[in-house]
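Next come the chains, spelled out residue by residue.
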Amino acid sequence: MCGVFGIYGVPEAAKLAYLGLYALQHRGQESAGIASSDMGKVYSRVAMGLVADIFSPQDLDSLKGSSALGHTRYSTTGSSTIKNAQPIVVDYSHGTMAMAHNGNLTNARQVRDFLEAHGSIFSSTTDTEVLIHLIATSEGNKLIDCIVDALSQIKGAYSLVILTKKKLIGAVDPNNIRPLSLGKKGNGWVLASETCAFDIIDAEYVRPLEPGEIVVIDKDGLKSYKPFKAQKPAKCIFEYVYFSRPDSYIWGNSVQKARKALGAQLAKEFPVKADYVVPVPDSSNSAATGYSGESKIPYEMGIIRNHYIGRTFIEPSQTIRDFGAKIKYNPVKEILKDKKLVLIDDSIVRGTTGKKLVKMLRTVGAKEVHWRISSPPITNSCFYGVDTPTRKELIAAGNSVEKIREFMGVETLGYLSPEGMVKAVGGKMDEYCMACFDGKYPVDSANIQKCISEEKNEEKC
Ligand code: AMP
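Here the structure is a predicted model, which is why all the values come from computation and not from measurement.

(A) Looking closely at the overall build of the protein chain. If you tally the helices and strands in the protein chain, you get 17 helices and 23 strands. Scaling as 2.2 N^0.38, a compact globule of 461 residues should have a C-alpha radius of gyration of about 23 Å, and the protein chain matches this with 22 Å. Judged by the C-alpha coordinates and their principal axes, the protein chain covers about 70 × 45 × 40 Å. Counting the 461 residues in the protein chain, one finds 56% classified as buried. Sequence-distant contacts, at least 24 apart, represent 68% of the contacts inside the protein chain between residues at least 6 apart. Surface accessibility of the protein chain: about 18,800 Å² in total, with carbon and sulfur atoms responsible for 52%. Distance between charge centres in the protein chain, computed from 57 positive and 51 negative side chains, equals 3 Å.

(B) View of helix H4 (residues 108-117). Within H4, burial applies to Ala108, Val111, Arg112 and Leu115. The arc that holds the buried residues of H4, viewed along the axis, is 100°, so those residues lie on one side. In H4, the exposed positions angled more than 90 degrees off the buried face are occupied by Phe114 and Ala117. On its buried side, H4 packs onto helix H5 (128-137).

(C) Seen up close, the sheet that holds strand S6 (residues 95-102). Taken in spatial order, the six strands make up an open sheet running S5-S6-S7-S8-S12-S13, and their pairing is antiparallel. Here the strands that pair on one side only, and so sit at the sheet edges, are strand S5 (88-92) and strand S13 (221-225). The average undirected angle you get between the axes of adjacent strands in this sheet is 20°. As paired elements, strand S8 (residues 168-172) and strand S12 (residues 214-218) share four bridges and run antiparallel to each other. Bridged to Leu168 within S12 is Ile217. Sheet strands touched by H5: S5, S6 and strand S7 (159-164). Its angle to S6, the strand with the most contacts, is close to 145°.

(D) Here's a closer look at the side chain of Ser286. For Ser286, the location among the structural elements is in helix H10 (residues 285-295). Residue classification places Ser286 among the buried positions, given a relative accessible area of 7%. In this structure, Ser286 is in contact with Pro246, Gln256, Arg259 and Lys260, ignoring residues within four places of it in sequence.

(E) Molecular detail of the sheet that holds strand S22 (residues 412-415). One open sheet holds the four strands; their spatial order is S17-S20-S21-S22, and the pairing between them is parallel. In the strand order of this sheet, the two ends are held by strand S17 (276-279) and S22, each with one partner. Neighbouring strand axes in the sheet, compared pairwise and without regard to direction, differ in orientation by 20° on average. Helix H9 (residues 255-269) contacts strand S20 (340-345), strand S21 (368-373) and S22 of the sheet and is inclined by roughly 125° relative to S22. The strands that H10 touches are S17, S20 and S21; relative to S17, the one it contacts most, it runs at about 165°.

(F) Examining the site of the ligand more closely. Near the ligand you find 16 residues, and of these Asp345, Asp346, Arg350, Gly351 and Thr353 are the closest. Tyr242 has a polar side-chain atom sitting 3.0 Å from a nitrogen atom of the ligand. For the ligand, a nitrogen atom lies 3.0 Å from a polar atom in the backbone of Asp387. Protein chains bury 92% of the 500 Å² of accessible surface belonging to the ligand in isolation. Only helix H8 (238-243) and helix H13 (352-363) provide two or more residues apiece to the shell around the ligand. Its residues placed into classes, the shell around the ligand shows seven nonpolar, five polar and four charged.

(G) Representation of the packing of H4 against H5 in the model. Closest axis-to-axis distance for the H4/H5 pair is 10 Å, and the angle between their directions is 50°. It follows that H4 is oblique to H5 by the angle criterion. Pair H4 / H5 crosses with left-handed handedness. For the pair H4 and H5, the contacting residues are Ala108, Val111, Arg112 and Leu115 in the first and Val130, His133 and Leu134 in the second. Residues belonging to the contact of H4 with H5 are distributed by class as follows: five nonpolar, one polar and one charged.

(H) The pairing of strand S3 (residues 42-48), seen in detail. Two elements, strand S2 (residues 31-37) and S3, share seven bridges in a ladder whose sense is antiparallel. Pairing of Gly33 across the sheet is with Val46, part of S3. With antiparallel pairing between neighbouring strands as the criterion, S2 and S3 make up a hairpin whose turn holds four residues, including Met39 at a positive phi of roughly 80°.

(I) Local environment of the pattern of salt bridges. This model, assessed by the stated rule, comprises 22 salt bridges. Linking Arg27 and Glu194 is a salt bridge whose minimum nitrogen-to-oxygen distance equals 2.7 Å. Of the two residues, Arg27 sits in the loop between helix H1 (13-23) and S2 while Glu194 sits in the loop between strand S10 (188-192) and helix H7 (196-199), which places them 167 residues apart along the sequence. Accessibility assignment for this pair places Arg27 and Glu194 in one class, buried. Connected through salt bridges with shared partners, the residues Arg27, Arg178, Glu194 and Glu239 form a single ionic network.

Rules and cut-offs
- By convention here, each chain's residues receive numbers from 1 onward along its written sequence.
- With pLDDT at 70 or above as the cut-off, local features in this predicted model cover only qualifying residues; side-chain atom pairs require 80 or more to be listed or tallied, and sums for whole chains, interfaces and linings still use all residues.
- Computation of side-chain values: all heavy atoms of the structure, hydrogens and water removed.
- In this text, helices come from DSSP runs of H or I with a minimum length of four residues, and strands from runs of E with a minimum of two, each type numbered from the N-terminal end.
- Using C-alpha atoms as the atom set, the radius of gyration is obtained and then compared with a globule rule of 2.2 Å times the number of residues to the power 0.38.
- The rule is simple: take the accessible area with a 1.4 Å probe, protein chains only, and divide by the maximum for that residue type; under 20% is buried, over 50% is exposed, in between is partly exposed.
- Whether two residues touch is decided by their heavy atoms; if any such pair falls within 4.5 Å, the residues are in contact.
- Here, Shrake-Rupley sampling with a 1.4 Å probe gives the accessible areas, and only protein chains in the shown set may cover a residue.
- The positive count covers Lys and Arg only, the negative count covers Asp and Glu only, and His and the chain ends enter neither.
- Think of each charge as sitting on NZ of Lys, CZ of Arg, CG of Asp or CD of Glu.
- This arc is taken over the directions from the axis of the helix to the C-beta atoms.
- By definition, two strands form a pair when at least two bridges between them are found by DSSP.
- Axes here mean lines fitted to C-alpha atoms, for a helix over just the part in contact, with angles spanning 0 to 180 degrees between N-to-C directions.
- Any residue with a heavy atom positioned within 4 Å of a molecule or strand is treated as near that molecule or strand.
- Here a polar contact means two N or O atoms within 3.5 Å. Within protein one must be a hydrogen donor candidate and the other an acceptor candidate, and residues neighboring in sequence count only if both atoms are side-chain atoms.
- All residues other than Ala, Val, Leu, Ile, Met, Phe, Trp, Tyr, Cys, Pro, Asp, Glu, Lys and Arg, Gly among them, are scored as polar; the first ten of these are nonpolar and the last four charged.
- Any angle between 65 and 115 degrees counts as roughly perpendicular, while under 35 counts as roughly parallel, over 145 as roughly antiparallel, and the rest as oblique.
- The crossing is said to be left-handed when, going from far helix to near helix, the turn is anticlockwise and less than a right angle, and right-handed when the turn is clockwise.
- The salt bridge criterion pairs a side-chain nitrogen of Lys or Arg with a carboxyl oxygen of Asp or Glu, the two atoms within 4 Å.

Structure (structure tokens):
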């Protein structure tokens, strides 16, 4: 998870980065940071918390210059501490460099062990710092050579933005697991995980970065490099299912359109007679409109979400997660009493939210609950940057659909098929990473399998 943003050649770049991060807040709520450059010096501010709480007007004034990058973090490797917050800013032999990363590097542990054995000292536990060391220790002459050298040694998922005093660089891994888009703002350039960050600053969407592409932006304009052998794309389909904002385009496609189609496909695969289609807000609103449109069953906001608790509440421990479900949602009795409901959610992870929600619906008198999920059962952990728990904690990893239905206490349960999911999103099965649904890890698979087999008790590799 995590959101990245970069901007070059636009006055008050840090303030625009701040707005960009505001739009990307859903991608991570643990920490945020901005680094900027006025061509002579790099400035930065990084802190724990939400974008709106971290940066004062004085902070933004102190982040001078016409280029900047920003990051919002949701930790998937490395703990949630200020030490691990990004962007990471370092001074090294070629100058100053700031880096913001979305994704997980699957061989970071091995590379780090090697670097440490050769004298490198790390100040964080993130995989991103490994990349910084590889760039800093590269023997390449130009920055682009050092970056290519570093990237050629790592595996896994990365959407990266790097800022130096004079350049802004964007890079995506050869399988393009995480999205990164390019935009234009006046004469300047913008990079962002999602295009909703362009909209907020009135930037124009140009295109998504291509698999393995590196763009270098400086006073001479934008240069694109494709130094790596072409790989089959493995775009994370979960970005469409849950993670990205519906008003974004990722890999060139509208998330809202994809999500509605997921709901419509679900209605085709699992029709049922009911009074209302009710989404689990907000992540399932779009899929529910799709289900409602296809089934002609009216859409109703039967569950209201409290927007002021933030996602931070559901993160650290199971105890707080349980509590979070209760304070996050409230059923609308007026709508739900004596009604047959199709309850739509985008996914079931541990099963905690669903179980609590169904109980709430029963409490206010729902007659029937037909639980529909706009993605297949999540049976495997993600090693490429989405926060999924270990297999042991995934309810669908060890239970049949019928068992889960029983556990949830619903009349019927239907999960979208993998084929239906790809049909709805568009494209071909083999252009997506669906490892969380099918266990087929497209990148660094042997290492991941080894990691899974060595998995000890609670610990995720
Ligand atoms: P659970 O209670 O563990 O089954 O979580 C299911 C809910 O979490 C669904 O309503 C999803 O919208 C949401 N969800 C799915 N994936 C994630 C994720 N990686 N991080 C946080 N929430 C998620």
